[in-house]
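# Geometric and topological summary
As a plain string of letters, each chain reads:
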Amino acid sequence: MNDEHNDSGLSRRTYLRLSGLASVGMAGLAGCSGGGDGEGTTESGGEETTDAGGEETSGESTEQSGGSRNALELVHWWTAGGEQDALNALLEGFREEYPDVEITNNPAPGGAGSALDTVVKNRVLNQNPPSTFQIWPGKALTQYVEGNVLNDIGDSVWSQEMRDAYRQGVQDLAQPAGNYVAVPLNIHRLNNLFYNTSVVESAGVDPSSISDPGALLEAMKTVDSETDAVPMAHQVQAPWSSVQLWETIFLGYNGADAYQSAIVEGNVADHEDAVRQSLQTLKDYHEYFNDDAGSVSWDQANSKVVNGNAAFIHQGDWAAGQYKAASGFEYESDWNMVPFPGTESMYSVVTDSFVFPKNNPSPEATRKFLSYCGTVDAQERFNPVKGSIPPRTDVPTDPFGPFLQSQIEDFKNSETQPPTIAHGTAVTPDVHGNVDEAFASFNEQWNVDSAYQALANAFPN
Amino acid sequence: MPHSIFRRLVSLGSDGDGDANDANEVRTDGGTATATGEGTTRSDQSDRSLLDSEFVRSLPFWLPPALLMGLFVYGAIGWNAVISLTEWSGFGSPDYGDLDFSMYEQMLGDPTFVVAARNTVVLLVVFTVLSLAVGLLLAILVDRDIRYENTLRTIYLLPMSLSFVVTAIFWAWMYNPEIGLINVVLRGVGLDFLANDWISDPSTKLGAVIFALMWQFSGYCMVVYLAGLRAIPNDQFEAARIDGASTLRMYRRVIIPQLRASTMSAAVVLMVFALKAFDFLFVLFGDTPGPSTDILATMMFREAFSSSNWAYGAAIATVLFLLALVVIGPYLYVQYQRGDL
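Residues numbered from 1 in each chain as written. Chains lettered and ligands numbered in written order. Predicted model: local features only at pLDDT ≥ 70, side-chain atom pairs only at ≥ 80, totals over all residues. Heavy atoms only, no water.

A word on the overall build of chain B. Check the secondary structure of chain B and you find 15 helices and zero strands. A burial count over chain B gives 41% of its 341 residues as buried. Summarising the internal contacts of chain B: among those between residues at least 6 apart in sequence, 65% fall at separations of at least 24. In the form shown here, chain B has an accessible surface area of approximately 18,000 Å², with 68% of it arising from carbon and sulfur atoms. (Helix = DSSP H or I, 4+ residues; strand = E, 2+ residues; numbered from the N terminus. Buried < 20%, exposed > 50% of the residue type's maximum accessible area, 1.4 Å probe, protein only. Contact = heavy atoms within 4.5 Å. Areas by Shrake-Rupley, 256 points an atom, 1.4 Å probe, with all protein chains shown as cover.)

As structure tokens, then:
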């Protein structure tokens, strides 16, 4: 028995070595075959792309696939209370309009698309995209457009009637490379200054008379000395709130043209003084933030305004949803809003849109859905519930409450509709990531010089 | 016994095969006695050496898992390493024809990477040492035949069973500078000057994260050490006592040196966890925690999934993998030398 063992048996260590070899070999193999696969699918993807690209051929393929693959798979991040209700209202309207289309509702929860981004990118890379997905338009779409993974919907969805109804600033966002690839469904305004009326009154401050971001600092000083409330509620746990406050301060001091040149076109160095000035102002504001800004989320900060523990907050008008939900906290009598000082003629646009990915599992249903999103009916159903305003200017304002009606009025009268960094429309995701890093660092150190350097380096040119 | 039965079955099988071969050969070439004899011995020998070898007989047991692991774990790691050599970003497909180390060069010149790597190492070392120390202390206390031992053990271990998402949110509340328990207690006992904005002050941010992680993992260390302590025979405690060793001296000289194996295995688990302490930071700060707490795992996610710099993300992942190997390597080597592997 022992002899045999020595003759024919392999020692345990040899096994280990062998299996090690085997797995290394497998790793190599997998790497190679993986590479081969990647190329293979790209080729076939290319063919499919050309098929789906042309309008007529995509029609044919729909007929071929018939009703069997007609289900519309919708990926979005609207899972929180009011958002979900808004989406359901939209889908209800869509079902009435197109009863034959089956909908697969596939949410990827996570604020501002943190989870959705990962899911969608993986699926698009694997040539297995959903029928349509929610995404910020504008430069957030850059990679999708450069990667040629979205269909041109200029003819199939963007009818002349739709083009006439959308404001130019919003239409620009829908065509990041010059052709239409997205349908914006809603608009939130970013340059708001919300305030608790009674706190501001007891401090003797009149928000509508504050002329620029510097004057707001003076107002906060007054609030600080006259009341027990925190002058400005804010959160610095994640960088995005500071990014959006900084860009709004920049708009307030320098206007939309300078913003376009410095940020959208990326010439930060040409506007060094202006960038530094707005960073300095943000740094000065930070003295008047709530002490726990680093440990709370934006809605926890916002609830300080509701409770009367804070005077001002700068947020997108999604913050108003929280005021609406709070009992005994009424528009105008308890809270109010002015455009952020210095940005009265602007309507900073934060918008969500849906797109038409190539290799679409249900081209016809997707086209129907996107067309529907561009209609008065869809935007009238969705936006009052979501607390946003419709991008179309011809939607009846009756279903909207008094606050949103005044926002719609502001939107119609706005001279410019600048995009935003913090919500993806002004810069590519790469630059957005760099800016976020710069402000994560600024939130810790409040060092204007290093933040300016980081911003100057954040842009590729 | 099962071994010999298996062996007999195999030899039976090979005999059967041999016979069948015999029959075939006899039929096909008309069959001379010599040919048959030769055929039998040859096939017998090859059957025996092939089927009898432990290697072949063990194949069914290790080959399928080795293939699956090879493909899905090591294959994925290898592919990731290959991607890190490309320039892949956005929605194009990676160009495997042009492989170089440009991503790694970019990494060395990237201050964000340097900061993240430094934080990762600090987190790794401090978190591991602290957790082991606290775990050892708890284990020694629990091991001293106290009342309610099982209850206490469960209480200490319980945090380990919670999801990191839960503990992250829980600690965000604990650290809240206004209403958080830590500052409230500090103020309550008159230590107002110690109260701090723990998770936004850059000088305490990483420390606060490490403390929270330690809270969660020291219970695990305690269990590992407790098992180690229970394995030490009571005689040694008694002998040390009889020799007049104080409690402190007994633990320092007799007991703790025998816990090396427990320390090793707990340390490896902790360190590998520290390398990928992603979820805790992500829940607290999102994908951009800021320079004082950014670790390689969050940076990797940010580069890959927020900015779509796939190749750069893959390069960071490769560095993380190598770090994990550096941690696990010595452990495996020691185990191998001891013959435990």
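Further remarks concern the domain arrangement of chain A. Residues and elements named next belong to chain A. Split by domain assignment, chain A resolves into domain 1 (12-188 + 350-413) and domain 2 (190-349 + 421-456). Contacts between the two partners involve 21 residues from domain 1, matched on the other side by 23 residues from domain 2. Taking both sides of the interface into account, the surface hidden between domain 1 and domain 2 amounts to around 1,900 Å²; carbon and sulfur atoms contribute 67%. For the pair domain 1 and domain 2, the interface holds zero salt bridges. Where domain 1 touches domain 2, the interface holds six residue pairs in polar contact (both at pLDDT 80 or more). Only helix H6 (142-146), strand E4 (182-189), strand E9 (349-355) and helix H17 (402-413) provide two or more residues apiece to the side of domain 1 that touches domain 2. For the side of domain 1 that touches domain 2, the leading source of residues is H17, giving six residues. (Domains from an automatic or database assignment. Buried area = accessible area lost by both parts, 1.4 Å probe. Salt bridge = Lys/Arg side-chain N within 4 Å of Asp/Glu carboxyl O. Polar contact = N/O pair within 3.5 Å; in protein donor to acceptor, adjacent residues only side chain to side chain.)

Taken together, the 48 residues of chain A in the interface contact 50 residues of chain B. Interface of chain A and chain B: buried area, both sides summed, is about 4,100 Å²; carbon and sulfur atoms make up 59% of it. By the criterion of area lost to chain B, the three top residues of chain A are Leu125, Glu437 and Glu444 of chain A, representing 15% of everything that side buries. Where chain A packs against chain B, one counts three salt bridges. A salt bridge links Glu444 of chain A to Lys205 of chain B; its shortest N-O distance comes to 2.6 Å. The interface formed by chain A and chain B contains 13 residue pairs in polar contact (both at pLDDT 80 or more).

What follows covers the nonpolar core. Burial of nonpolar side chains together is a common tendency in soluble globular proteins. Core analysis: the largest hydrophobic core is formed by 148 residues, its most contacted members being Tyr144, Val183, Phe194, Tyr323 and Phe369 of chain A together with Phe127 of chain B. Per element, the largest residue contribution to this core is 13 residues, and it comes from helix H9 (residues 202-231) of chain B. A domain-level breakdown of this core finds at least three residues from each of domain 1 (12-188 + 350-413) and domain 2 (190-349 + 421-456) of chain A. The contact partners of Phe369 of chain A, leaving out residues within four places of it in the chain, are Leu72, Leu74, Leu90, Leu91, Phe94, Thr132 and Phe354 of chain A. By size, the runner-up hydrophobic cluster in this structure holds 57 residues, among which are Val200, Ala293, Phe340 and Ala451 of chain A. (Core = buried A, V, L, I, M, F, W, Y, C linked by side-chain atoms within 4.5 Å.)

Right, let's get into the pattern of salt bridges. All names here are of chain A. For the structure shown, the criterion picks out 20 salt bridges over all chains. Linking Glu96 and Arg381 is a salt bridge whose minimum nitrogen-to-oxygen distance equals 3.0 Å. Of this pair, Glu96 sits in helix H4 (residues 81-97) while Arg381 sits in helix H16 (residues 376-386), and the two are 285 residues apart along the sequence. Overall, Arg381 belongs to the partly exposed group, its relative accessible area being 24%. The partner of Asp377 in a salt bridge is Arg381, with the nearest N and O atoms 3.2 Å apart. Here the residue Asp377 and the residue Arg381 both occupy positions in helix H16, the gap between them amounting to four residues, near one helical turn. For Asp377, a relative accessible area of 29% puts it in the partly exposed group.

Further remarks concern the UniProt feature "domain: ABC transmembrane type-1" (unreviewed entry) in chain B. In this structure's numbering, the residues bearing the UniProt feature "domain: ABC transmembrane type-1" (unreviewed entry) are residues 117-333 of chain B. Between the C-alpha atoms that bound residues 117-333 of chain B there is a distance of 25 Å. The span itself is 76% helix and 0% strand. (UniProt positions renumbered as here; feature names shortened; annotations may be inferred.)

With that settled, consider the sheet that holds strand E8 (residues 335-339) of chain A. All names here are of chain A. Read from one edge of the open sheet, four strands run E6-E7-E5-E8, paired in mixed fashion. Whereas interior strands pair on both sides, the edge strands pair on one side only; in this sheet they are strand E6 (230-233) and E8. Neighbouring strand axes in the sheet, compared pairwise and without regard to direction, differ in orientation by 25° on average. Relative to E8, strand E5 (residues 192-196) runs antiparallel, the two being bridged by five bridges. When the bridges of E8 are listed, Phe194 appears paired with Met337. Contacts from helix H10 (residues 213-226) reach E5, E6 and strand E7 (310-315) within the one sheet, and its direction differs from that of E6 by about 130°. (Pairing = 2+ DSSP bridges. Axes fitted to C-alpha atoms, helices over the stretch in contact; angles between N-to-C directions.)

Okay, the packing of helix H12 (residues 260-275) of chain B against helix H15 (residues 310-338) of chain B next. All names here are of chain B. Interaxial distance between H12 and H15 falls to 9 Å at its minimum, and their mutual angle equals 165°. With respect to H15, the axis of H12 lies roughly antiparallel. Of the two possible hands of crossing, H12 and H15 adopt the one that is left-handed. When H12 is examined against H15, the residues Ala261, Met264, Ser265, Val268, Met271, Val272 and Leu275 are found in contact with a partner set consisting of Leu320, Leu323, Ala324, Val327, Ile328, Pro330, Tyr331, Val334 and Arg338. Across the contact of H12 with H15, the residue classes tally to 14 nonpolar, one polar and one charged. (Parallel < 35°, antiparallel > 145°, perpendicular 65-115°, else oblique. Left-handed = near helix turned anticlockwise from the far one by under 90°. Nonpolar A, V, L, I, M, F, W, Y, C, P; charged D, E, K, R; others polar.)

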